[in-house]
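# Fold and geometry: a report
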Amino acid sequence: MKSLRRSHTSTSSSANSSSTSLPSSSSSSTTSTSPPSANSSSWIHLRSVLFVANPSSPSSVTSSDRSRRKSPWSRRKRKRPLTPHQWRSLFTPEGKLRDGGVRFLKRVRSRGVDPSIRAEVWLFLLGFYDLNSTIEEREAVKTQKRKEYEKLQRRCKMLLKGSDNLEEEVTSEEADDQCVRFTDDYKTTKQIINQDVVSAVNTDSSDTDSCEDDEDVHLLPSDVYSDETKQPEEENNHNNSPEDSTSPPPSVDSAEIQVEVAVHEDFSTWQRIIRLDALRADSDWATYSPSSTTITETKARALASSVALKDYDHLETCRLHHAARLVSILEAYALYDPEIGYCQGMSDLLSPILAVISEDHEAFWCFVGFMKKARHNFRLDEAGIQRQLRIISKIIKSKDSQLYKHLENLQAEDCSFVYRMVLVMFRRELSFEQTLCLWEVMWADQAAIRAGVGKSPWSRIRQHAPPTDDLLLYAIAALVLRRKLIIQRYSSMDEIVEECNSMAGQLDVWKLLDDAHHLVVTLHDKIETLSSQSLGV
């Protein structure tokens with residue numbers, strides 16, 4: 001079942017390895033006189049194992065080469081997070097970010113964001129607001145997005161109460177609005193039965209059906225992601241079509257019934273899994289969420305009741321409020337992007353956003369912005385995950401052929417031992433605060449790419465590594481490379497996985513990013529070329 005597909009993520013853990021081919025100011029600490037056994041694999045004992053030069057590595061660079069490419073995350077260059085005063089100084093009198101947001105992105109990328117302004121800054125990083133928008137434009141956007149989120153919430157309630165109550169819940173005018181919203185927002189309608197059936201349903205409903213019938217048609221899975229990835233996903237969905245393409249299309253009425261049944265069955269499954277995950281959500285976020293920590297028990301229980309959350313007596317008030325918000329937003333997202341729906345692990349990505357952003361409609365659209373990249377991690381065919389694992393494997397192979405050969409001998413060259421790190425983006429390996437810092441840096445890179453900021457602007461502001469959509473993958477590869485000496489002692493994949501599990505909470509996100517910067521500088525163009533060649537084949 002699609003929503004149960006990721007249940008193994010808690011055991012398919014991330015790999016945290018330490019390469020020996022990354023230059024480090026602590027390289028003198030490589031002599032560990034009493035290495036622990038493979039079974040204990042203590043990170044605390046072995047964290048002094050950092051670096052041994054590998055002159056045969058094809059991508060090795062001298063320390064002088066690296067000194068000319070100082071990472072913004074190096075200890076020497078690292079500065080305090082973006083402060084409220086600096087944040088306000090980045091705007092013009094009209095409320096627009098100066099320089100098209102380039103200076104803003106550079107500062108976030110190099111130092112993160114002060115917790116007191118995260119709720120404001122994230123709206124720009126995650127695409128809720130355009131970098132070039134004015135105050136008036138942002139107010140209009142906020143109003144529009146609130147209305148769209150409220151419509152999604154009404155759709156959730158309609159599905160909860162059943163199709164018999166559709167006419168009571170939605171007026172004709174609201175139905176018209178929803179039809180327009182789904183028609184405009186969804187770029188491509190995916191196949192549930194057959195393309196000919198969908199065409200027939202849409203044609204018939206546009207001529208004779210009521211708009212409420214048309215709404216059901218627009219519940220079909222559809223694209224909410226970038227044009228660059230549309231074609232491959234369409235091909236994959238065509239190959240995985242639940243009906244053989246040669247089968248004759250059923251009648252229009254039959255198609256509408258089957259579409260409605262499919263949506264209701266999927267949504268019912270998503271509901272169950274969402275509620276289970278919401279009740280099990282950890283409490284690391286609690287101190288970061290003012291809205292949850294100050295909520296009264298009466299309000300928390302009322303919100304839980306409104307989303308039909310049950311069996312929550314064991315939860316504290318703040319955790320209950322958080323769980324109810326998780327349910328509300330994850331259900332709305334399942335309707336917004338029904339091709340993905342809900343998979344376990346998505347609640348890990350939403351929890352930090354809820355902890356920072358108190359308004360549900362803002363949190364929802366920020367999550368949508370986050371998922372434009374992350375949604376590929378939750379595809380049923382795992383194509384997105386496998387692509388990212390291949391990139392990590394290429395980085396390791398290009399940087400350290402000796403370590404890659406060892407992984408080959410263990411049949412671990414596919415890097416599946418870092419599966420969890422890729423899936424939930426270090427959420428389980430880093431502390432809550434360090435997770436937020438890492439994500440802010442990643443989002444700044446992705447926002448720079450969306451805004452068309454390339455190598456030249458970054459070079460002018462002395463950011464030598466170009467923005468990349470795959471910064472997370474370089475960070476994971478850097479972690480594996482930094483633990484080369486430990487990994488080479490192991491003789492099985494299970495031992496590597498166990499070592500990875502033991503590293504949770506022991507990582508320094510800024511050191512990780514510093515190492516990732518070095519890899520991006522030296523290998524980015526090569527990995528891009530290799531990936532393009534793989535796609536060409």
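Reading the values: the criteria
- Residues numbered from 1 in each chain as written.
- Predicted model: local features only at pLDDT ≥ 70, side-chain atom pairs only at ≥ 80, totals over all residues.
- Heavy atoms only, no water.
- Helix = DSSP H or I, 4+ residues; strand = E, 2+ residues; numbered from the N terminus.
- Buried < 20%, exposed > 50% of the residue type's maximum accessible area, 1.4 Å probe, protein only.
- Contact = heavy atoms within 4.5 Å.
- Areas by Shrake-Rupley, 256 points an atom, 1.4 Å probe, with all protein chains shown as cover.
- Salt bridge = Lys/Arg side-chain N within 4 Å of Asp/Glu carboxyl O.
- Expected span 1.5 Å × (residues − 1).
- Core = buried A, V, L, I, M, F, W, Y, C linked by side-chain atoms within 4.5 Å.
- Phe/Tyr/Trp six-rings, centres within 6.5 Å; stacked < 30°, edge-to-face > 60°.
- Lys NZ or Arg CZ within 6 Å of the ring centre and 35° of its normal.
- Patch = residues over 30% accessible without salt bridge, like charges linked within 9 Å, V, L, I, M, F, W, Y side chains within 5 Å.
- Lys, Arg positive; Asp, Glu negative; His and termini not counted.
- Charge placed at Lys NZ, Arg CZ, Asp CG, Glu CD.
- Axes fitted to C-alpha atoms, helices over the stretch in contact; angles between N-to-C directions.
- Parallel < 35°, antiparallel > 145°, perpendicular 65-115°, else oblique.
- Nonpolar A, V, L, I, M, F, W, Y, C, P; charged D, E, K, R; others polar.
- pLDDT = per-residue confidence, 0-100.

### Brief notes about the overall build of the chain
- Each helix and strand counted, the chain has 26 helices and zero strands in total.
- Expressed as a percentage of its 537 residues, the buried residues of the chain come to 53%.
- When contacts within the chain are restricted to residue pairs at least 6 apart in sequence, long-range pairs at least 24 apart make up 80% of them.
- Here the chain has roughly 23600 Å² of accessible surface; of this, 47% comes from carbon and sulfur atoms.

### Here's the deal with the pattern of salt bridges
- In this structure the tally under the stated criterion is 23 salt bridges.
- With its nearest N and O atoms 2.5 Å apart, the salt bridge here joins arginine 118 to glutamate 440. Taken together, the residues arginine 118 in helix α5 (residues 118-125) and glutamate 440 in helix α21 (residues 432-450) connect sequence positions 322 residues apart. For the pair arginine 118 and glutamate 440, one class covers both residues: buried.
- Within this structure, Arg482, Lys511, Asp514 and Asp515 form a network of salt bridges that share partners.

### What to know about helix α15 (residues 317-336)
- A rise of 1.5 Å per residue sets the reference length of α15, with its 20 residues, at 28 Å; its end C-alpha atoms lie 29 Å apart and thus fit the reference within 8%.
- Taking burial as the measure, the 20 residues of α15 include 18 buried ones, the bulk of the element.

### Points about helix α6 (residues 135-161)
- Here α6 is 27 residues long and its end C-alpha atoms lie 39 Å apart, about the 39 Å a rise of 1.5 Å per residue gives.
- Taken residue by residue, α6 has Arg138, Lys145, Glu148, Tyr149, Lys151, Leu152, Gln153, Arg155, Cys156, Met158 and Leu159 as its buried positions.

### Some remarks on the nonpolar core
- Judged by nonpolar contacts, the single largest core of 138 residues is most densely connected at Phe104, Phe417 and Phe426.
- The element best represented in this core is α15, accounting for 13 residues.

### Description of unusual backbone geometry
- We note that aspartate 311 has phi near 55 degrees; this positive angle belongs to a residue other than glycine.
- For aspartate 311, the position within the fold is in the loop between α14 (297-306) and α15.
- The exposure class of aspartate 311 is exposed, given its relative accessible area of 67%.

### Some words on the packing of aromatic side chains
- The full count for this structure, using the stated rule, is 17 aromatic pairs.
- Taken together, the aromatic side chains of Trp87, Phe91, Phe104, Phe124, Phe128 and Tyr129 make up a single cluster linked through ring pairs.
- The positively charged end of arginine 138 is found above the aromatic ring belonging to tyrosine 129, 5.9 Å away from the centroid.

### Let's talk about the side chain of glutamate 440
- Glutamate 440 sits in the buried class, given a relative accessible area of 0%.
- Ignoring anything within four residues of it in the chain, the contact list for glutamate 440 reads Val108, Gly112, Val113, Arg118, Trp122 and Leu125.

### Comments concerning a negative patch on the surface
- On the surface, a cluster of negative charge is contributed by Asp130, Glu136, Glu137 and Glu139.
- Its location among the elements puts glutamate 139 in helix α6.

### What to know about the environment of glycine 384
- Looking at where glycine 384 falls in the secondary structure, it is placed in helix α18 (residues 383-399).
- In sequence terms glycine 384 and alanine 374 are 10 residues apart; their C-alpha atoms lie 8.8 Å from each other.

### With respect to the environment of valine 356
- With respect to the secondary-structure elements, valine 356 resides in helix α16 (residues 346-356).
- Look at valine 356 and you get buried, because its relative accessible area is 15%.
- Sequence spacing of valine 356 and serine 291 is 65 residues, and the spatial spacing of their C-alpha atoms is 9.0 Å.
- When sequence neighbours within four positions are dropped, the list of residues in contact with valine 356 reads Arg118, Ala119, Trp122, Tyr288 and Leu436.

### Considering the packing of α6 against α15
- One can describe the packing of α6 onto α15 by two numbers: an axis separation of 9 Å at closest approach and a directional angle of 90 degrees. In terms of orientation, α6 lies roughly perpendicular with respect to α15. Across from Tyr149, Leu152, Gln153, Arg155, Cys156, Leu159 and Leu160 in α6, the residues of α15 making contact are Ser328, Ile329, Glu331, Ala332, Leu335 and Tyr336.
- Partitioning the contact of α6 with α15 into residue classes produces nine nonpolar, two polar and two charged.

### Brief notes about the confidence of the model for the chain
- In this model, the chain carries a mean pLDDT of 73, and residues with pLDDT of at least 70 account for 64%.
- Across residues 1-68, confidence stays below pLDDT 50; counting only partners more than four residues off in sequence or on other chains, it has 183 contacts.
- Below pLDDT 50 for its whole length, residues 163-261 participates in 141 contacts with residues either more than four positions away or in separate chains.

### Re the environment of aspartate 360
- As for its position among the elements, aspartate 360 is in helix α17 (residues 360-374).
- The spacing of aspartate 360 and arginine 325 is 35 residues in sequence and 7.5 Å in space, taken between C-alpha atoms.
- Setting aside residues up to four positions removed in sequence, aspartate 360 forms contacts with Tyr149, Arg325 and Ile329.

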